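# What the coordinates show
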Amino acid sequence: MKALLCTAYGSPQMLSVQEVPSPKAGPGQVVIDVKASALNFPDALMVQGLYQVKPPLPFSPGAEVAGLIKEVGEGVQGLKAGDRVMGFPGTGGFAEECVVAAEKIMPLPENMDFASGAALVLTYGTSLHALQDCGRLQPGETLLVLGAAGGVGAAAVEIGKAMGARVIAAASSEEKLALCRRLGADETIDYATEDLRKRALALTGEKGVDVVYDPVGGGYTEAALRAVAWRGRLLIVGFAAGEIPKIPLNLALLKERQLIGVYWGDSVRHDPRGHVRNMQQLLAWFAERKIAPVVSEQLPLARAHEAIQRLLDRKVKGKIVILPES
Ligand SMILES: NC(=O)c1ccc[n+]([C@@H]2O[C@H](COP(=O)([O-])OP(=O)(O)OC[C@H]3O[C@@H](n4cnc5c(N)ncnc54)[C@H](OP(=O)(O)O)[C@@H]3O)[C@@H](O)[C@H]2O)c1
């Protein structure tokens, strides 16, 4: 089978598609015939050796997939060859076949195509966990989403609306903000040209926002925190800007603001039942058309390295999905 291989940590251009042996399902695992695999920023960090998880070389990136079960390992119950599923292998998804632990997959509903399924588990799972479990976002509260046209950002805009919040989307271009408005954002801020703090305060009558969803970091984090209301929460999701911000903690003390870390992958391990509940919620919202992954491009495996580079160059809107068999 074909797989995108990372044989040495470095730039995406060093990745290559190679013929490798098909994986085998060990106890408690299944092999998926991958129909679609969504690209995430951690893939881009992982191939450069910059992510908190450093898989042993060689490896294939690709954390979330959808496809058909090809083989079921010993002890796996309730799953069989041919089932439509989506899942979270963590790595290995940019390949024609990949191995996933059985507890990390779930049925792909009839009404969902493979590309949408691939873009749901990690991306929407992260944003729902952040807003609901970590941020305790309430109906009627104001949510400010940074990087709001990116993968987890666009998901946070949709989920914020589904949870009944007023959503302010912040991104770096008018084109990206237009996408956010299509997803339901009530207000937008172009933080490449506008003062993020001043605009967020102006849009809330100087009260400030209740929750900030921050997958970007860099200089935006402090500006956003300064626009958080009394007892508001800032959710630390990621640092796509490349810089981990260092924040003066008096900003937390002054308005009893909370800084809350979000780590979806570990939350699934710590609270597997909560993860299942969240996935059921996401599938219900999908069926009610309250959420729908924004798949902006579908590319063959041979172009996955280009897609990773464009993610690093800040040129992607929504999700790029890789189709390993095309
Ligand atoms: N904590 C968790 O459990 C968890 C789970 C999944 C992902 N994450 C993290 O969340 C972040 C976003 O992931 P994603 O897959 O949604 O990525 P993405 O689709 O690339 O979105 C990231 C957004 O960050 C903004 N950005 C600002 N400066 C950037 C720069 N120098 N390079 C690239 N993007 C920049 C871009 O929006 P603008 O151009 O509009 O600024 C971009 O749309 C990553 O740091 C990832 O590691 C965390």
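Since the model is a prediction, treat every value here as computed from it, not as a measurement. (Residues numbered from 1 in each chain as written. Predicted model: local features only at pLDDT ≥ 70, side-chain atom pairs only at ≥ 80, totals over all residues. Heavy atoms only, no water.)

## Section: the overall build of the protein chain
A count of helical and extended segments in the protein chain gives eleven helices and 15 strands. The C-alpha atoms of the protein chain give 19 Å as radius of gyration, which agrees with the globular expectation for 326 residues (20 Å, within 12%). Once the C-alpha set of the protein chain is aligned to its principal axes, its extents read approximately 60 × 40 × 35 Å. Counting only contacts in the protein chain whose residues sit at least 6 apart along the sequence, the fraction spanning at least 24 positions is 68%. Carbon and sulfur atoms make up 53% of the accessible area of the protein chain, which amounts to about 13,800 Å² in all. Distance between charge centres in the protein chain, computed from 35 positive and 35 negative side chains, equals 4 Å. (Helix = DSSP H or I, 4+ residues; strand = E, 2+ residues; numbered from the N terminus. Rg over C-alpha atoms; globule rule 2.2 N^0.38 Å. Contact = heavy atoms within 4.5 Å. Areas by Shrake-Rupley, 256 points an atom, 1.4 Å probe, with all protein chains shown as cover. Lys, Arg positive; Asp, Glu negative; His and termini not counted. Charge placed at Lys NZ, Arg CZ, Asp CG, Glu CD.)

## Describing the packing of helix α3 (residues 121–134) against helix α4 (residues 151–162)
As a packed pair, α3 and α4 sit with axes 8 Å apart at the nearest point and diverge in direction by 55 degrees. In terms of orientation, α3 and α4 fall into the oblique class. Between α3 and α4 lies a crossing of right-handed hand. Here α3 contributes Thr 123, Tyr 124, Thr 126, Ser 127, Leu 128 and Leu 131 to the contact with α4, which in turn contributes Gly 151, Val 152, Ala 155, Ala 156, Glu 158, Ile 159 and Gly 160. Of the residues contributing to the contact of α3 with α4, the split by class is seven nonpolar, five polar and one charged. (Axes fitted to C-alpha atoms, helices over the stretch in contact; angles between N-to-C directions. Parallel < 35°, antiparallel > 145°, perpendicular 65-115°, else oblique. Left-handed = near helix turned anticlockwise from the far one by under 90°. Nonpolar A, V, L, I, M, F, W, Y, C, P; charged D, E, K, R; others polar.)

## Thoughts on the environment of Ala 66
By the secondary structure assignment, Ala 66 is in strand β4 (residues 64–72). Residue class for Ala 66 comes out buried when judged on its relative accessible area of 0%. Taking C-alpha positions, Ala 66 is 19 Å from Arg 277, a pair spaced 211 residues apart along the chain. Apart from residues lying up to four places away in sequence, Ala 66 is in contact with Val 34, Lys 35, Ala 36, Val 85, Met 86, Phe 114, Gly 117 and Ala 118. (Buried < 20%, exposed > 50% of the residue type's maximum accessible area, 1.4 Å probe, protein only.)

## Details of the sheet that holds strand β13 (residues 258–261)
An order of β10-β9-β8-β11-β12-β13 is seen for the six strands of this open sheet, with the pairing classed as parallel. Two strands lie at the open edges of the sheet, namely β10 (187–190) and β13, each paired on one side alone. Ignoring strand direction, the axes of neighbouring strands in this sheet form an average angle of 20 degrees. Inspection of the sheet shows strand β9 (residues 166–171) paired to β10 by four bridges, in the parallel sense. Along β10, the bridge assignment pairs Ala 169 with Thr 188. Contacting β8 (142–145), β9, β10 and β11 (209–214), helix α6 (residues 196–203) runs over the sheet at an angle of about 165 degrees to β10. (Pairing = 2+ DSSP bridges.)

## Brief notes about the packing of aromatic side chains
Taken as a whole, this structure holds three aromatic pairs when the rule is applied. Both rings, one in Phe 88 and one in Trp 264, keep their centres 4.7 Å apart while their planes meet at 75 degrees; by these two values the pair is edge-to-face. Residue Phe 88 is located in the loop between β5 (84–87) and β6 (97–101), and its partner Trp 264 is located in helix α9 (residues 264–270); the two are separated by 176 residues in the primary sequence. There is no split in this pair, since Phe 88 and Trp 264 are both buried. Ring centres 3.9 Å apart and planes at 20 degrees place the aromatic pair Tyr 191 and Tyr 220 in the stacked group. Pair noted here: Tyr 191 is in the loop between β10 and α6 and Tyr 220 is in helix α7 (residues 220–225), with a separation of 29 residues, a long-range link. Take Tyr 191 and Tyr 220: they sit in the same class, and that class is buried. (Phe/Tyr/Trp six-rings, centres within 6.5 Å; stacked < 30°, edge-to-face > 60°.)

## Topic: the domain arrangement of the protein chain
According to the domain assignment, the protein chain consists of domain 1 (2–120 + 293–323) and domain 2 (123–265). Placing the centre of domain 1 and that of domain 2 at their C-alpha centroids yields a distance of 28 Å. Domain 1 puts 15 residues into the contact, and the matching count from domain 2 is 17 residues. Carbon and sulfur atoms make up 56% of the area that domain 1 and domain 2 hide from each other, which totals about 1,300 Å². Per-residue buried area on domain 1 facing domain 2 is highest for Val 294, Arg 314 and Lys 317; these three make up 41% of the total on that side. Counting across the domain 1 and domain 2 interface gives one salt bridge. Glu 175 is the salt-bridge partner of Lys 317, the closest N and O atoms lying 2.8 Å from each other. (Domains from an automatic or database assignment. Buried area = accessible area lost by both parts, 1.4 Å probe. Salt bridge = Lys/Arg side-chain N within 4 Å of Asp/Glu carboxyl O.)

## Describing helix α10 (residues 272–287)
Over its 16 residues, α10 extends 23 Å from the first C-alpha to the last, a length consistent with the 22 Å expected when each residue adds 1.5 Å. The complete set of buried residues in α10 reads Gly 274, His 275, Asn 278, Met 279, Leu 282, Leu 283, Trp 285 and Phe 286. Along its buried surface, α10 packs onto β5, β7 (105–107), α2 (114–118), α3, α4 and α9. With its phi angle positive at about 60 degrees, Arg 289 sits one or two positions after the end of α10. (Expected span 1.5 Å × (residues − 1).)

## Here we look at the site of the ligand
Taken together, the neighbourhood of the ligand is formed by 26 residues, with Ser 172, Lys 176, Tyr 191, Val 262 and Arg 314 sitting nearest. At a separation of 2.8 Å, an oxygen atom of the ligand approaches a polar backbone atom of Gly 151. Here the ligand has 900 Å² of accessible area as a free molecule, and 91% of this is covered by the chains. Mapped by element, the contributors of at least two residues to the shell around the ligand are α1 (41–47), α3, α4 and α11 (304–312). Class assignment of the residues belonging to the shell around the ligand gives a composition of 17 nonpolar, seven polar and two charged. Of the residues that make up the shell around the ligand, three or more belong to each of domain 1 (2–120 + 293–323) and domain 2 (123–265). (Near = heavy atom within 4 Å. Polar contact = N/O pair within 3.5 Å; in protein donor to acceptor, adjacent residues only side chain to side chain.)

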